[in-house]
Amino acid sequence: MKNNKGFTLVELLAVIVVLGIIMTVAGSAVLGQRKRANQKEVESIYNSIKAFGPDIYLNEKEKLMTDKVYFNATYLKNKGYLKVDTIKNPSNSKEDCKVYLLIDKSSNNNMFEAYVNCEGLDAKGPAEGINGYSEFSEK
């Protein structure tokens, strides 16, 4: 009489293949969710920087020599708006995010804008970035 305890090699291979497929699908979903969370963090940074616009404009409007000017993160930190002068990339990249507050006095509908560009994530703000804007420097 034969004692058939255990699994055959084919059954074990089938289980391994099924587990591999499940891990692939689950891993893709987790990575996609992480990228979406990082992109939401970029949007949060964008909204925070943009919210500084009216206050900075009121404090600096006499010194604005051109209609289109940008303020970098170092300026925002020196004036107390940010705690640090570099914004860490939420995707753990080695490069920090490029963050600017843009003020366009000639704009009728959107005078205050922000631009946030983090490596590996979609930039938030105007497509042309800071092109056409001059950097604010205190005189």
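Everything numeric in this text was worked out from a predicted model, so none of it was measured.

**Q** I'd like to hear about the overall build of the protein, residue by residue, with values.
**A** Scanning the protein for helices and strands turns up three helices and four strands. The linear arrangement of helices and strands in the protein, starting from the amino end, is α-α-β-α-β-β-β. Against the compact-globule benchmark of 14 Å for 139 residues, the protein has a radius of gyration of 25 Å, which places it well outside the compact range. For the protein, the spread of C-alpha atoms along the principal axes amounts to about 100 × 30 × 20 Å. Here the protein holds 139 residues, and 30% of them are scored as buried. A sequence separation of at least 24 residues applies to 65% of the contacts in the protein between residues at least 6 apart. Surface accessibility of the protein: about 9,600 Å² in total, with carbon and sulfur atoms responsible for 55%. Distance between charge centroids for the protein: 8 Å, based on 19 positive and 17 negative side chains.

**Q** Before we move on, could you go through the sheet that holds strand E1 (residues 68-72) and cite the residues and values that matter?
**A** Taken in spatial order, the four strands of this open sheet run E3-E2-E1-E4, and their pairing is mixed. Two strands close off the open sheet at either side, each with one partner strand: strand E3 (112-117) and strand E4 (134-135). Relative to strand E2 (residues 98-104), E1 runs antiparallel, the two sharing five bridges. Paired with Tyr-70 across the two strands is Leu-102, which belongs to E2. Packed onto the sheet, helix H1 (residues 9-51) meets E2 and E3 and runs at close to 145° relative to E3. The strands that helix H2 (residues 53-60) touches are E1, E2 and E3; relative to E2, the one it contacts most, it runs at about 60°.

**Q** Account for the pattern of salt bridges, naming residues and giving values.
**A** Tallied over the entire structure, the rule returns four salt bridges. The closest approach of N and O atoms between Lys-88 and Asp-96, which form a salt bridge, is 3.6 Å. The exposure class assigned to Lys-88 is exposed, which follows from its relative accessible area of 59%. Through salt bridges with shared partners, a single ionic network connects Glu-60, Lys-63 and Lys-79.

**Q** Describe the environment of Glu-43, listing the residues and the values that go with them.
**A** The residue Glu-43 is located in helix H1 in this model. Between the alpha carbons of Glu-43 and Ile-16 there is a distance of 41 Å; along the sequence they are 27 residues apart.

About the criteria used
- Residues numbered from 1 in each chain as written.
- Predicted model: local features only at pLDDT ≥ 70, side-chain atom pairs only at ≥ 80, totals over all residues.
- Heavy atoms only, no water.
- Helix = DSSP H or I, 4+ residues; strand = E, 2+ residues; numbered from the N terminus.
- Rg over C-alpha atoms; globule rule 2.2 N^0.38 Å.
- Buried < 20%, exposed > 50% of the residue type's maximum accessible area, 1.4 Å probe, protein only.
- Contact = heavy atoms within 4.5 Å.
- Areas by Shrake-Rupley, 256 points an atom, 1.4 Å probe, with all protein chains shown as cover.
- Lys, Arg positive; Asp, Glu negative; His and termini not counted.
- Charge placed at Lys NZ, Arg CZ, Asp CG, Glu CD.
- Pairing = 2+ DSSP bridges.
- Axes fitted to C-alpha atoms, helices over the stretch in contact; angles between N-to-C directions.
- Salt bridge = Lys/Arg side-chain N within 4 Å of Asp/Glu carboxyl O.

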